[in-house]
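Structural overview for review
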Amino acid sequence: MERIVIDECHLARYKSDVEDLRAAHKWAVTGTPFQGSARDLMSQARILGQEPWDAPKRPLDDVISRYQREKGSKGATRALVAALRPFMIRHTKAQRIGGAVALALPDEVVSTVTLEQSAAERAEYKAVLARGAYRVNSMRGGGKPCFALAMALSAHRQACQRSRVKRHALFADLQSRAAGSGCRAVIFTEYREVHADIVSQLRMRFPGFEVFEFSGGTAAAKRHSAIRSFQANDGRNKVFVITMRAGNVGITLTAADVVYLLGPCVDPSDEVQAAGRIHRLGQTRQVLLKKFVMKGTVEESIVEMHAKLKAGTGHLHVMHGVDHYPNAEDPVAVADAFATFLEGRL
């Protein structure tokens with residue numbers, strides 16, 4: 001085979017069959033930043049045959065280990081960039097080719113709205129926190145740490161996304177847009193129960209809106225039909241509700257100019273992909289990514305973790321989606337650090 005191009009290569013985080021494909025030239029392409037961990041770059045190197053699993057020495061592996069050990073120090077960063085330069089080409093939206101901007105898109109604005117839980121929601125969250133503490137404490141006794149952490153994190157995030165306060169803020173924003181120049185919005189959800197409730201509430205509260213939705217179980221033909229109807233330029237107010245896993249890649253919804261997230265994503269690259277459904281070729285208006293965050297909860301910790309990732313001082317553990325722990329081999333230290341994370345005190 002002469003050439004292989006692997007699109008959306010950022011999704012290849014583990015060893016996969018694509019590494020075994022043979023060609024004279026191989027390209028791994030993505031428009032999504034690698035923000036989970038510098039170690040995610042290893043899978044790309046393996047796809048390109050630059051760092052095979054069975055190699056006696058893996059220099060990139062050593063450089064990445066240093067980068068993580070030194071938490072993105074200037075020297076470690078320079079070494080990582082130098083190691084990547086021979087086989088990586090990076091383009092940006094602001095890049096100029098022949099004097100002209102390579103990809104001229106309208107501006108993108110990111111807005112984080114911090115909300116206070118109601119008294120009832122705070123009580124519910126504390127109950128979830130107590131159950132999560134039990135799971136986390138099981139780590140101290142040598143239980144299954146990754147499973148306990150994943151379950152606790154998911155339960156806390158779901159409790160935040162069920163918030164009626166968030167619903168009211170979301171619906172008020174939609175109503176304000178409809179009263180102005182019109183509303184064409186995309187709402188991303190992450191939990192089946194939350195997705196179904198949002199769709200039901202929208203159809204009840206906004207009878208003048210066209211409400212489209214799909215999730216992982218929606219047939220391909222129905223998805224394509226909903227996308228075509230949403231994209232139609234008919235002047236109607238429209239909202240598209242999509243689950244993150246089913247729709248944050250591979251679709252174009254440039255008829256919208258706002259994306260809502262009911263909470264911050266653990267992996268910030270998911271937020272980039274969500275905004276990318278509307279901020280892409282064909283978009284002619286400024287776009288807005290608006291995410292709702294509950295104060296004093298795990299959602300605030302996730303936002304802080306994103307800031308650390310951007311600064312190069314943190315990384316995600318892909319297995320359970322939690323920031324780097326001090327003394328990671330000490331289960332008591334890990335349990336304490338994760339309890340702090342869940343309580344929104346990172």
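Below or above, wherever it landed, is the structure these notes cover. Here the structure is a predicted model, which is why all the values come from computation and not from measurement.

Broken down by element type, the chain carries twelve helices and twelve strands. For the chain, the residues scored as buried account for 44% of the 346 residues in total. Within the chain, residue pairs in contact and separated by at least 24 positions form 69% of the contacts whose partners lie at least 6 positions apart. For the chain, the accessible area works out to roughly 17,900 Å², and carbon and sulfur atoms hold 54% of it.

This paragraph deals with the side chain of T297. With respect to the helices and strands, T297 occurs in the loop between β10 (287-294) and α11 (298-311). Residue T297 is classed as buried on the basis of its relative accessible area of 0%. Here M294 takes part through its backbone oxygen, which lies 2.8 Å from a polar atom of the side chain of T297.

Take the pairing of strand β8 (residues 238-243) next. Counting buried positions over the six residues of β8 gives six, a clear majority of the element. Residues K238, F240 and I242 of β8 are buried on one face, and the alternating residues V239, V241 and T243, pointing to the opposite face, are buried as well. As paired strands, strand β6 (residues 184-189) and β8 are joined by six bridges and run parallel to one another. Across the sheet, F188 pairs through a bridge with I242, a residue of β8. With five bridges joining them, strand β7 (residues 210-214) and β8 adopt parallel strand pairing. Note on β8: the bridge partner recorded for F212 is F240. Between the parallel pair β7 and β8, the chain is carried across by helix α8 (residues 220-231), and the sense of this crossover is right-handed.

Moving on to the pattern of salt bridges. In total, this model carries 14 salt bridges according to the counting rule given. Of the charged contacts, one joins R162 and E124 as a salt bridge, the two residues approaching to 2.5 Å between their closest N and O atoms. You can see R162 sitting in the loop between α5 (145-161) and α6 (164-179) and its partner E124 sitting in helix α4 (residues 119-137), a full 38 residues away along the chain. E124 gets classed as partly exposed once you look at its relative accessible area, which sits at 33%. When salt bridges with common partners are traced through the structure, they connect D173, R177, D257, R285 and K290 into a single cluster.

Helix α2 (residues 59-69) packs onto helix α1 (residues 40-47) with a crossing angle of 170° between their chain directions and a minimal axis gap of 10 Å. As far as their axial angle goes, α2 and α1 are roughly antiparallel. Here α1 contributes L41, M42 and A45 to the contact with α2, which in turn contributes L60, D61 and I64. Here the residues of the contact of α1 with α2 are counted per class, giving five nonpolar, no polar and one charged.

What follows is about the nonpolar core. Of all hydrophobic cores here, the largest spans 34 residues; its most connected members are L170, L174, I187, I198, L202 and Y260. Excluding anything up to four places from it in sequence, L174 contacts C183, A185, I187, L202, F206, F209, V239 and Y260.

As a further point, take the sheet that holds strand β5 (residues 108-115). Read from one edge to the other, the open sheet built from six strands follows the order β5-β10-β9-β6-β8-β7, with strand pairing classed as parallel. With partners counted over all chains shown, the strands left at the sheet margins are β5 and β7, one partner each. Adjacent strand axes in the sheet meet at a mean angle of 20°, parallel and antiparallel pairs treated alike. Docked against the sheet, α8 engages β6, β7 and β8, running at close to 150° with respect to β8. α11 rests against β5 and β10 of the sheet, and its axis sits at about 130° to β10.

Another point: α6. For α6, with 16 residues, the first-to-last C-alpha span of 22 Å sits near the 22 Å given by 1.5 Å per residue. Within the sequence span of α6, burial applies to K166, R167, L170, F171, D173, L174 and A178. Around the axis of α6, the buried residues are gathered within 155° of arc, so they sit on the same side. Exposed and facing more than 90 degrees away from the buried side of α6 are R164, S176 and A179.

Here is what the cut-offs are and how they apply
- Residues numbered from 1 in each chain as written.
- Predicted model: local features only at pLDDT ≥ 70, side-chain atom pairs only at ≥ 80, totals over all residues.
- Heavy atoms only, no water.
- Helix = DSSP H or I, 4+ residues; strand = E, 2+ residues; numbered from the N terminus.
- Buried < 20%, exposed > 50% of the residue type's maximum accessible area, 1.4 Å probe, protein only.
- Contact = heavy atoms within 4.5 Å.
- Areas by Shrake-Rupley, 256 points an atom, 1.4 Å probe, with all protein chains shown as cover.
- Polar contact = N/O pair within 3.5 Å; in protein donor to acceptor, adjacent residues only side chain to side chain.
- Pairing = 2+ DSSP bridges.
- Right-handed = clockwise from strand over helix to strand, strands pointing away.
- Salt bridge = Lys/Arg side-chain N within 4 Å of Asp/Glu carboxyl O.
- Axes fitted to C-alpha atoms, helices over the stretch in contact; angles between N-to-C directions.
- Parallel < 35°, antiparallel > 145°, perpendicular 65-115°, else oblique.
- Nonpolar A, V, L, I, M, F, W, Y, C, P; charged D, E, K, R; others polar.
- Core = buried A, V, L, I, M, F, W, Y, C linked by side-chain atoms within 4.5 Å.
- Expected span 1.5 Å × (residues − 1).
- Arc of directions from axis to C-beta.

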